[in-house]
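# A look at the structure
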Amino acid sequence: MDLELRIGIEGMNCASCVGRIEKALAETAGVTAASVNLATDQATVALADKTQANVALAAIERAGYTPVVAEWDIAVGGLNCASCVSRLEAALNAEVGVLGSSVNLASGKASIRYLPASVSAARLRFAIREAGYEPLDAETEGEDPAVAAREAEARELLVNLKLAAALTIPLVIIAMGPMFIPALGALIPPGWGVWIEFLLATPVLFYAGRAFFRKGAPALRRGAPDMNSLVMLGASAAWLYSTVVLLLPGLFPDAAHGVYFEAVGVIVTLILLGRHYELKARGRASDAIRSLLALQARTARVVRDGELREVPIEAVVPGDEIVVRPGERVPVDGEVVDGHSYVDESMVSGEPVPVEKAPGAEVVGATMNTTGSFRFRATRIGEATVLGQIIRMVETAQASKPPIQALVDRIAGVVVWFAIALAIAAAAVWALFGPAPNYPLVVAASVLLIACPCAMGLATPMAIMVGAGRGAERGILFRRGAAFQTVADVDTVVLDKTGTLTQGKPTLTDLILLTEEYEESTVLAAVAAVEQHSEHPIAQAIVDAAKTRALGLPNVTEFNAEPGFGVTAMIGGRRYQVGADRYMRQLGIAEASLSNAGQTLAAAGKTPVYAAIDGVPVAVLAVADPPKAGSAEAVKAMRAKGLDVIMLTGDNRHTAQAVADQLGVETVIAEVLPQDKANTVAELQQQGKTVLFVGDGINDAPALAQADVGMAIGTGTDVAIEAGEVVLMAGDLRAAVNALYLAQRTFRTIKQNLFWAFAYNITLMPVAAGILYPFFGVLLSPMLAAFAMSVSSILVVTNSLRLKRLALGEIKPA
């Protein structure tokens, strides 16, 4: 199985950067797959072997970008000899994302080189403890190098923007002010104006805009130009032309003596301004992750050596007993061992009503204790907790891309070369046929500036980031970005019955004796004794009914179960057979009274269970599993969206139809064995349907995996459901409707973004080249081109951020 690494990357600006890095990684031996996300500044790389990690980093560097690698020196307690050194190094090097480690016995320190996008400092501390040693700086959390790099970039950008603006404002006043206020021209000595413009524009371009040269020039030398290359070429061409005119005016005719220093300043300032607002907006896309992280407790009150000690959350280990007082957050996942309280688990389940907790109950880290105090035993810590899994799922979804983005990335790589070719061609045409000798420079610079494919690169990942974060806030977890596109295309929804449409907690409602030879209590006790060895929910309902009546259960022998049919066992020398009607038919037990009683119960929406002794039918029991609140509303909403809704169940056909009638489901596929559910989904796909399967994620795993999209309903604590591409933390089916709505709105936003990005380039590049000039006398200035380029990226980002305000608290209309 391939190893998956996430690598933070510095220096990406547009979709062409994405394509360049992906190509470099794809051509690297040992890399089996690679996907780069501009919005998260990360690459997800699948490697055949962990030793290839450094090769992948080298490929990124060759492409002209900087992988984010952290180095961390941490003091470690418990190191005694050389074997400790080798043991700890082996434990650290085994962690995914660790590039290398070195442990120094003399200094008692471990030096770790790692990828912060793949492994956290908390995880490394845990690895040290698992190896039998103690990290000695557990009180402090190292700064995330990726976050630090982004913040440093933002600070540098803001400083450069302020400098550029401070110099460009007087530059524009000097260059253009006299056209509007003639008196301003008299304030500047003759011949000085252009020199002042030169002195103001030069530091704007070469200092405030130095990043364009630092990144764009190497990309151009490698034959892989990017956004920085286009800005560098356009702005520096205008500056160079103007400088030559200033210094050597005799080389040009009088008509070509115009200078463009003010255009250079405005171009750099506008692009820096657009980049500044884009970075701020992109930062808001990760608000969901930050809000989830903010839920974590910072400390835990742990019982150690008989004393209560407050320790950092990183110091908690599985098995620790932790005390939680009223109003405190539960630090980690665990099991209550003493005390009683009510815990607000709305951050996990979406249910506002606090859940009762008593000894034996599970508690989830980051949930809020409300009234009482209790002690619990830690079972999962760090990334293994429910919150840790949720954060990891959201990060994975945000970092991945739907199929549509792969096409966009390829197109963006072509756009840059097309822009350069168009700029050269347009300049040549204007040089040959244009009315003024300086027009070739204007059109070439405008084409280069307006062609930057930033908006293309951000169109999809920004929407995915915000959509995945918004879903997580409402208990809807998308495992992959591709799920947004697939869910949006769904036309058929297949719903499991038990635990999905119904509560999944059936209860015994009827017991009909078919013979006077036995008493009701005797039959119930015997059937319960047989069923207590089965894990089926219906069997548990019968056992619970016997226990409620305080019936003693006889001993059974020779128990045997046939999944999907029934069970049999010996009691007191007689063979008891209990199961569905198909089990009775398989055994050759068929009687009119048995069939009639079962059909009557099934028509009432109850599940009949048949009991026979030595092949003679003795009773029909009925178990009812009431529909969940909201199931009927959810089905109605799905149908209103034009979706075909199908109920798939192994239950009796009459019972299934009765439940379907209650809920408004038109199509029912019943009496399907668990192993055949996936085949049923496959048959629907063969009919050309795009299928969403909604199930509980355990018994329905094959069907979840077979469907175009599997939507697994979690139980609040069970989020590690591998088969589902979408996980619903709450058991309410209305969450599935909201997941559909969120996916549709997110994908609609992606299409809006892409339409704008492509329409912008397709429409404005020919305008920048001067196609409208012969007809309307319109020629786009480089300043307007720079402004339009910046606005396009900001519009894509802000359009994506609208998803943050998407209401998901109730069923959405079609």
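The protein chain carries the name Copper-translocating P-type ATPase in an unreviewed UniProt entry, which gives Alkalilimnicola ehrlichii as its organism. For the record of the protein chain, the UniProt heading Subcellular location (unreviewed entry) holds the text "Cell membrane".

## Remarks on unusual backbone geometry
Positive phi values are uncommon outside glycine, yet E558 reaches one of about 55°. Of the residues examined, E558 reaches a relative accessible area of 54% and is grouped as exposed. Notably, E671 is not glycine yet its phi reads approximately 55°, a positive angle. Tracing the sequence through the fold places E671 in the loop between β27 (667-669) and α25 (677-686).

## Looking at the sheet that holds strand β1 (residues 3-10)
Reading across the sheet, the four strands line up as β2-β3-β1-β4 and stay open at both edges, with antiparallel pairing between neighbours. Edge positions in the sheet fall to β2 (31-37) and β4 (66-67), since each has one partner strand and no second. In the sheet, β1 pairs with strand β3 (residues 42-47) via six bridges, with the strands oriented antiparallel. Its bridge partner being in β3, L3 is matched across the sheet by L47. Strands in contact with helix α1 (residues 15-26) are β1, β2 and β3; relative to β2, the strand with the most contacts, it is inclined by about 170°. Here helix α2 (residues 53-62) sits on the sheet and contacts β1, β2, β3 and β4; the angle it forms with β1, its principal contact strand, is near 30°.

## Details of the sheet that holds strand β8 (residues 134-135)
The strands making up a sheet associate through backbone hydrogen bonding, with each pair oriented either parallel or antiparallel. A sheet is described by the order of its strands in space; here four strands give the open sequence β6-β7-β5-β8, paired in antiparallel fashion. Looking at the sheet topology across the chains shown, the edges are occupied by β6 (98-104) and β8. Two strands pair when backbone bridges link them, and strand β5 (residues 70-77) and β8 are joined in this way by two bridges, in the antiparallel orientation. Within the sheet, the bridge partner assigned to G77 lies in β8 and is E134. Across the sheet, helix α4 (residues 121-130) touches β5, β6, β7 (109-114) and β8, and the angle it forms with β5 is around 35°.

## Quick look at a nonpolar patch on the surface
Together, W195, L247 and L248 give the surface a local cluster of nonpolar side chains, amounting to about 310 Å² of exposed area. Structurally, L248 is set in the loop between α9 (227-247) and α10 (261-284).

## Observations regarding the nonpolar core
Counting 168 residues, the largest nonpolar core has F478 and M638 as its most contacted members. Broken down by element, this core gets its largest block of residues, 18 residues, from helix α27 (residues 734-769).

## Re helix α7 (residues 192-208)
Counted at 1.5 Å a residue, the expected span for α7 with its 17 residues is 24 Å, and the 24 Å between its end C-alpha atoms agrees. Those residues of α7 not exposed but buried are G193, E197, F198, L200, A201, T202, V204, L205 and A208.

## Some thoughts on α1
With 12 residues, α1 should reach 16 Å at 1.5 Å per residue; the first-to-last C-alpha distance of 17 Å fits that figure. Turning to α1, its buried residues are A15, S16, C17, V18, R20, I21, E22, A24 and L25.

## A word on the pairing of strand β11 (residues 321-324)
Pairing geometry for strand β9 (residues 299-304) and β11, over three bridges, is antiparallel. Bridging from a neighbouring strand, R301 pairs with V323 of β11. As defined by bridge partners, β11 adjoins strand β17 (residues 374-380) across four bridges and the pair is classed as antiparallel. Opposite V323, over in β17, you have R375 as the bridge partner.

## With respect to the packing of aromatic side chains
Scanning the entire structure with this criterion turns up nine aromatic pairs. With 5.2 Å between their ring centres and 70° between their planes, W430 and Y773 make a pair best called edge-to-face. With W430 in helix α14 (residues 403-433) and Y773 in helix α28 (residues 773-776), this residue pair connects regions lying 343 residues apart in the sequence. Residue W430 is classed as buried on the basis of its relative accessible area of 9%. Measuring from ring centre to ring centre gives 4.0 Å for F478 and F484, while their planes differ by 15°; the resulting arrangement is stacked. Pair check on accessibility: F478 and F484 agree, each one buried.

## Some words on the UniProt feature "transmembrane region" (unreviewed entry) in the protein chain
Feature annotation in UniProt assigns "transmembrane region" (unreviewed entry) to the following positions: residues 163-186, 192-209, 230-252, 258-274, 411-433, 439-464, 754-773 and 779-798. Structurally, residues 439-464 is divided into 88% helix and 0% strand, and its ends, taken at the C-alpha atoms, are 42 Å apart. The distance from the first to the last C-alpha atom of residues 754-773 is 28 Å, and the span holds 85% helix and 0% strand.

## Considerations on empty space enclosed by the protein
Empty space left among the atoms is revealed by rolling a probe the size of a water molecule over them. Applying the stated criterion across every chain, the model contains two cavities of 30 Å³ or more. A volume near 50 Å³ is recorded for the largest cavity. Taken together, M227, I271, G274, R275, E278, C454, M789, S790 and S793 form the lining of the largest cavity. Those elements that place two or more of their residues in the lining of the largest cavity are α10 and α29 (782-801). With four residues, the single largest contributor to the lining of the largest cavity is α10. For the lining of the largest cavity, the residue count by class is four nonpolar, three polar and two charged.

## Some thoughts on the environment of S373
Structurally, S373 is set in the loop between β16 (368-369) and β17. For S373, a relative accessible area of 37% gives the class partly exposed. Those residues within four positions of S373 in sequence are excluded, and the remaining contacts are V323, V324, R325, P326, G339, H340 and S341. Of the polar contacts made by the side chain of S373, one reaches the backbone oxygen of V324; its length is 3.1 Å.

## Some words on the pattern of salt bridges
A full pass over the atoms with the stated rule returns 24 salt bridges. A salt bridge links E328 to R301; its shortest N-O distance comes to 2.9 Å. Of this pair, E328 sits in the loop between β11 and β12 (333-339) while R301 sits in strand β9, and the two are 27 residues apart along the sequence. The class for E328 is partly exposed, based on a relative accessible area of 22%. Residues participating in the shared-partner salt-bridge network are E321, D338, R375 and R377.

The rules behind the values
- Residues numbered from 1 in each chain as written.
- Predicted model: local features only at pLDDT ≥ 70, side-chain atom pairs only at ≥ 80, totals over all residues.
- Heavy atoms only, no water.
- UniProt positions renumbered as here; feature names shortened; annotations may be inferred.
- Buried < 20%, exposed > 50% of the residue type's maximum accessible area, 1.4 Å probe, protein only.
- Helix = DSSP H or I, 4+ residues; strand = E, 2+ residues; numbered from the N terminus.
- Pairing = 2+ DSSP bridges.
- Contact = heavy atoms within 4.5 Å.
- Axes fitted to C-alpha atoms, helices over the stretch in contact; angles between N-to-C directions.
- Patch = residues over 30% accessible without salt bridge, like charges linked within 9 Å, V, L, I, M, F, W, Y side chains within 5 Å.
- Areas by Shrake-Rupley, 256 points an atom, 1.4 Å probe, with all protein chains shown as cover.
- Salt bridge = Lys/Arg side-chain N within 4 Å of Asp/Glu carboxyl O.
- Core = buried A, V, L, I, M, F, W, Y, C linked by side-chain atoms within 4.5 Å.
- Expected span 1.5 Å × (residues − 1).
- Phe/Tyr/Trp six-rings, centres within 6.5 Å; stacked < 30°, edge-to-face > 60°.
- 1 Å grid on protein atoms, 1.4 Å probe; cavity = no way out; pocket = protein on both sides within 12 Å on 5 of 7 lines; lining within 4 Å.
- Points joined across faces, edges and corners; volume = space filled by probe spheres on them.
- Nonpolar A, V, L, I, M, F, W, Y, C, P; charged D, E, K, R; others polar.
- Polar contact = N/O pair within 3.5 Å; in protein donor to acceptor, adjacent residues only side chain to side chain.

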